[in-house]
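The primary structure of each chain is shown beneath.
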Amino acid sequence: MKIPIIVDGQMVQVDQGAPIIDAAKKAGIFIPTLCYHESLKPYGSCRLCMVEVVQNKQRRLVTSCNFPAEGGMEVFTNTDKVRQIRRMVVELLLARCPDVPLLKTMARQMGIKSSRFKKREANECILCGLCVRFCEEVVGVCAIGLANRGIEREVATPFKVASDVCIGCGSCTYICPTGCIEMVPDEKTPRLRIMKMGNHPLSPCPNDYQCENCSIEQEFLKDIKDVIVEFRRSYRNSER
Ligand code: SF4
Ligand code: SF4
Ligand code: FES
């Protein structure tokens, strides 16, 4: 069922329960995200996509990537509070990942000159979980996961050894917005099966991270589906 919802003063019709970010997209309004990808289930972890919602005369902050649209709802995507939270998210991430081009671009767009938070040992993983979820939800093999807690949190293979379930499809390296997963060829097998996690030089995105309209992204998603279908077919055949 379609319902009307107002986003920054514009009325749009969306499916009831669709995430607010879809309504904003329909209204032509861009909401920055880090852990969201339209091919994956919403995760709601980075908090960058916060918006203000007025519903039943109550105003509150919600994450637009996983908050369901309801009839009569009014959404504000660019209020002082929203901008403040987005700045804080980016500054916190900059303290952990000062060299990541995507964060630097976001900081520049938000007018952030430096992070007010204490710098930690430089890391390139922003812990968005996109690689882990793509591997599980789209590829279907769960070769990597988020391990440890707090400042020790990291993406890793189980026991930090080369995975024996990884099909070497490269999806995790592609989807990672910071380029901190690198695939390296394994001499013993024809397919790429070893993953080396860690920092490596990153070419900035040629499309300024506008993934939604990027032809490279669309072609990749099509290619990767073919690779996965082929892998599953050969896997089933080898089990017979
Ligand atoms: S290369 Fe391996 S870890 Fe990465 S998405 Fe594919 S199967 Fe998962
Ligand atoms: S390795 Fe990349 S995709 Fe995976 S959690 Fe870290 S930044 Fe996100
Ligand atoms: S994009 Fe919504 S919480 Fe990360």
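Remember, it's a predicted structure, so these values are computed and weren't measured experimentally.

Thresholds applied
- Residues numbered from 1 in each chain as written.
- Chains lettered and ligands numbered in written order.
- Predicted model: local features only at pLDDT ≥ 70, side-chain atom pairs only at ≥ 80, totals over all residues.
- Heavy atoms only, no water.
- Near = heavy atom within 4 Å.
- Nonpolar A, V, L, I, M, F, W, Y, C, P; charged D, E, K, R; others polar.
- Pairing = 2+ DSSP bridges.
- Helix = DSSP H or I, 4+ residues; strand = E, 2+ residues; numbered from the N terminus.
- Axes fitted to C-alpha atoms, helices over the stretch in contact; angles between N-to-C directions.
- Contact = heavy atoms within 4.5 Å.
- Core = buried A, V, L, I, M, F, W, Y, C linked by side-chain atoms within 4.5 Å.
- Buried < 20%, exposed > 50% of the residue type's maximum accessible area, 1.4 Å probe, protein only.
- Left-handed = near helix turned anticlockwise from the far one by under 90°.
- Polar contact = N/O pair within 3.5 Å; in protein donor to acceptor, adjacent residues only side chain to side chain.
- pLDDT = per-residue confidence, 0-100.

**Digging into the site of ligand 1**
Turning to step 1, where the next piece is worked out: Taken together, 12 residues sit near ligand 1, with Cys-135, Cys-166, Cys-169, Gly-170 and Cys-172 positioned nearest.
Turning to step 2, where the next piece is worked out: Among the residues making up the shell around ligand 1, the classes are represented as nine nonpolar, three polar and no charged.

**Some points on the sheet that holds strand 5 (residues 74-76)**
Turning to step 1, where the next piece is worked out: Reading across from one edge, 2-1-5-3-4 is the order of the five strands in this open sheet, with mixed pairing throughout. Lying at the two open borders of the sheet, with one neighbouring strand each, are strand 2 (10-15) and strand 4 (58-63). Between one strand axis and the next, the sheet turns through 35° on average, direction left out of account.
Turning to step 2, where the next piece is worked out: Of the strand pairs in this sheet, strand 1 (residues 2-7) and strand 2 are connected by six bridges, and their pairing is antiparallel. When the bridges of strand 2 are listed, Ile-5 appears paired with Val-12.
Turning to step 3, where the next piece is worked out: The strands touched by helix 2 (residues 80-96) within the sheet are strand 3 (50-55), strand 4 and strand 5, with strand 3 carrying the most contacts at an inclination of about 150°.

**Remarks on the nonpolar core**
Turning to step 1, where the next piece is worked out: Counting 44 residues, the largest nonpolar core has Leu-34, Leu-48, Val-90, Leu-103, Cys-131 and Phe-134 as the members making the most contacts within it.
Turning to step 2, where the next piece is worked out: Among the elements of the structure, helix 2, helix 3 (101-109), helix 4 (130-139), helix 5 (171-175), strand 8 (181-184) and helix 6 (215-239) are those that each provide at least two residues to this core.
Turning to step 3, where the next piece is worked out: Top element by residues in this core is helix 4. It accounts for seven residues.
Turning to step 4, where the next piece is worked out: Excluding residues within four positions of it along the chain, Leu-48 makes contact with Pro-32, Thr-33, Leu-34, Arg-86, Val-89, Val-90, Met-106 and Met-110.
Turning to step 5, where the next piece is worked out: Of all hydrophobic cores here, the second largest spans 22 residues; its members include Ile-20, Ala-27, Val-51 and Val-62.

**A short note on the pairing of strand 1**
Turning to step 1, where the next piece is worked out: Here strand 1 shows a buried face lined by Ile-3, Ile-5 and Val-7 and an unburied face lined by Lys-2, Pro-4 and Ile-6.
Turning to step 2, where the next piece is worked out: If you look at the hairpin formed by strand 1 and strand 2, you'll find two residues sitting between the two strands, and Asp-8 has a positive phi there, around 45°.
Turning to step 3, where the next piece is worked out: Both strand 1 and strand 5 contribute to a ladder of two bridges, which runs parallel. Looking at strand 5, one finds that Val-7 is bridged to Val-75.

**Points about helix 3**
Turning to step 1, where the next piece is worked out: Residues of helix 3 that are buried include every one of Leu-102, Leu-103, Thr-105, Met-106 and Ala-107, and no others.
Turning to step 2, where the next piece is worked out: Next to the buried residues of helix 3 lie helix 2.
Turning to step 3, where the next piece is worked out: Downstream of helix 3 by a residue or two, Gly-111 has a phi angle that is positive, lying close to 75°.

**What to know about the packing of helix 2 against helix 3**
Turning to step 1, where the next piece is worked out: It is at 10 Å that the axes of helix 2 and helix 3 come closest, and there the two elements cross at 140°. Regarding helix 2 and helix 3, the two cross each other, and that crossing is left-handed. Every residue of helix 3 that contacts helix 2 at Val-90, Leu-93 and Leu-94 is listed here: Leu-103, Met-106 and Ala-107.

**As for the environment of Asn-66**
Turning to step 1, where the next piece is worked out: With respect to the helices and strands, Asn-66 occurs in the loop between strand 4 and strand 5.
Turning to step 2, where the next piece is worked out: Among all residues touching Asn-66, those that are not within four sequence positions of it are Pro-19, Pro-42, Tyr-43 and Gly-44.
Turning to step 3, where the next piece is worked out: A distance of 2.5 Å separates polar atoms of two side chains, one belonging to Asn-66 and the other to Thr-63.

**Observations regarding the confidence of the model for the protein**
Turning to step 1, where the next piece is worked out: Summing up the model confidence of the protein, the mean pLDDT is 84 and the portion of residues at 70 or higher is 84%.
Turning to step 2, where the next piece is worked out: Across the protein, strand 5 holds the top mean pLDDT of 98, while strand 9 (residues 194-197) sits lowest at 46.
Turning to step 3, where the next piece is worked out: The model gives residues 190-202 a pLDDT under 50, and that stretch makes 43 contacts with residues more than four places away or in other chains.

**Observations regarding the environment of Gly-170**
Turning to step 1, where the next piece is worked out: As for its placement among the helices and strands, Gly-170 is situated in the loop between strand 7 (154-156) and helix 5.
Turning to step 2, where the next piece is worked out: As for Gly-170 and Ile-224, which are separated by 54 residues in sequence, their C-alpha atoms are 8.4 Å apart.

**Description of unusual backbone geometry**
What is expected of a backbone is that most residues other than glycine have negative phi and most peptide bonds are trans.
Turning to step 1, where the next piece is worked out: Even without being glycine, Arg-47 reaches a positive phi, approximately 70°.
Turning to step 2, where the next piece is worked out: Looking at where Arg-47 falls in the secondary structure, it is placed in the loop between helix 1 (20-26) and strand 3.
Turning to step 3, where the next piece is worked out: Of note in this structure, Phe-159 is not a glycine but carries a positive phi near 60°.
Turning to step 4, where the next piece is worked out: Among the secondary structure elements, Phe-159 is positioned in the loop between strand 7 and helix 5.

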